[in-house]
Every structure is written in structure tokens, then in C-alpha cells.
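A structural walkthrough
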Amino acid sequence: MKQDRDGDLDALVRSRIRGLRSALGMSLDDLAAACYLSPSTLSRIETGHRRISLDQLTAIARALGTSLDALVESGDADVVIRPRHDPDRGMTTWTLRHEAGPGGTTVAKMRIERPLPGPDQLKAHPGFEWFTVLTGTIALRLNERLILVETGEAAEFDTMVPHAFGAQGGPAEILGIFDHDGRRTHLRKLD
């Protein structure tokens, strides 16, 4: 079974290389030149007649403008986004997109039921955060400043400013973009 799964992943990687090359309008010659391989070697890689070495795969990913992770990640991920409810924090989170690595961001829809935490619970970390309110009202505290963000409005702020947010007058839903520090602070329970 493992061999079949490895073969499936190998076929998936080869298909992604061929598909991405085609989508970018690159010929075999174009891609081969960009990653310092011969066109015949690249053709054999795409068709499965040659094993792919890690250095070749890295060069191909770079030439295609993608990451090695994007080429080799399994294609059998769950396509249904399931909510994670955290009753202790009074929120439910749907992680819509997560980009790994330095500078990566997470996009999440959040249903916030908890009220604005007290001034003693403000957090600060490097980065910026952005959210738009889908329904309800969010109370956003930036240091001493209290801002009400209503349905249809958005907020963006430097997260080095001590901050916290919560629902005002009942549950609220937001769509937010968080950097890795923000994801750690706002989307996961702190240990």
C-alpha cells in the first residue's frame, strides 16, 4: 500500500510540474533552460521515465515560481473546512487558508461571542492584522483607544500596539488576515 501511495504522490508531482509549466505558457525547452536541465531529461521527468532528484525538483520549483512544498504536498487533503469551537475563548474559527513559512499569513472566518477582554489582557507582537466585520459589531481596543467596528467596516492595525477585540452587544463574525504571531495569539489557545 505504501508503494502505491508513493507512486500516487510521484504521479501527482509530475502532473503538477507539467500542468504549471503549461499554465505559465512555458515549453519544455523554456523550463529546461530555466532549471539547467536538458529538455529530454525534463520530458522524462514529466512522463515518469526518470526519477526526480531533490536538487532537480528544487530547481524546477524555483523555475516555475513555486515552492517545493507546493509541488509535493499530498493532494488528499480534506476539502471541507470544519469549524473549531473554543468555548473557553468564546469563539469559533474556520481556517480558510494558511501559508506556512516566514512571512506567511492565515485567513480565517471567526464567530466571536466573548466580550472585549479587559485592558490587562492586551497583547502585542510583530506584524499587522486586518479584519472586516461580516455581522455584528467588534469592539477593538488599541492601547487606551476603544474603536467600534460595525458590519461592513474593516480595521487594520500594527500589532506592536497592545490590542484585543471582542463582540459588542452580541455575537459578531469577522473575516481576518493574521500573520504567524497573530495566528498564535488570536486563533489558538495560549498555553
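Everything that follows concerns the structure shown earlier in this document.
The residue numbers shown here count from 1 along each chain, following its written sequence. Totals for whole chains, interfaces and linings use all residues, but because this is a predicted model, local features are given only for residues with pLDDT of at least 70 and pairs of side-chain atoms are given and counted only at 80 or more. As a convention, hydrogens and water are excluded, and side-chain values are obtained from all of the structure's heavy atoms.

1. Some remarks on helix H3 (residues 39–47)
Remark: exposure states derive from per-residue accessible area (1.4 Å probe, protein chains only) relative to the maximum for the residue type, with buried under 20%, exposed over 50%, and partly exposed in between. Elements are defined by DSSP. Helices are runs of H or I of four residues or more, strands are runs of E of two residues or more, and each kind is numbered from the N terminus. Among the residues of H3, Thr41, Leu42, Ile45 and Glu46 are the ones counted as buried. The arc enclosing the buried residues of H3, seen along the axis, measures out at 135°, which places them on a common side. One or two residues past the end of H3 sits glycine 48, with phi positive at roughly 85°. Throughout, the arc means the angular range of directions from the helix axis out to the C-beta atoms.

2. Observations concerning the packing of aromatic side chains
Aromatic pairing here means that ring centres of Phe, Tyr or Trp (its six-membered ring) are within 6.5 Å. Orientation follows from the plane angle: under 30 degrees is stacked, over 60 is edge-to-face, and everything else is tilted. The final tally for this structure, using the stated rule, is one aromatic pair. By the criterion adopted, a ring carries a charge over it if an Arg CZ or a Lys NZ lies within 6 Å of its centre and within 35 degrees of its normal. Seen from the ring of tryptophan 94, lysine 109 lies directly overhead, with NZ or CZ sitting 4.8 Å from the centre. Above the face of the phenylalanine 165 ring, arginine 114 is positioned so that its terminal group lies 5.7 Å from the ring centre.

3. Looking at the side chain of arginine 141
Following the sequence through the fold, arginine 141 ends up in strand E5 (residues 137–142). Neither His nor the chain termini are counted; the positive set is Lys and Arg, and the negative set is Asp and Glu. Salt bridges are defined by distance alone: a side-chain nitrogen of Lys or Arg within 4 Å of a carboxyl oxygen of Asp or Glu. No salt bridge is formed by the buried arginine 141; the nearest opposite charge belongs to glutamate 144, separated by 6.5 Å. In this analysis, two residues are considered to be in contact whenever any of their non-hydrogen atoms come within 4.5 Å of each other. Once residues lying within four places of it in the same chain are set aside, the contact partners of arginine 141 are Leu116, Pro117, Pro119, Leu122, Pro162, His163 and Ala164.

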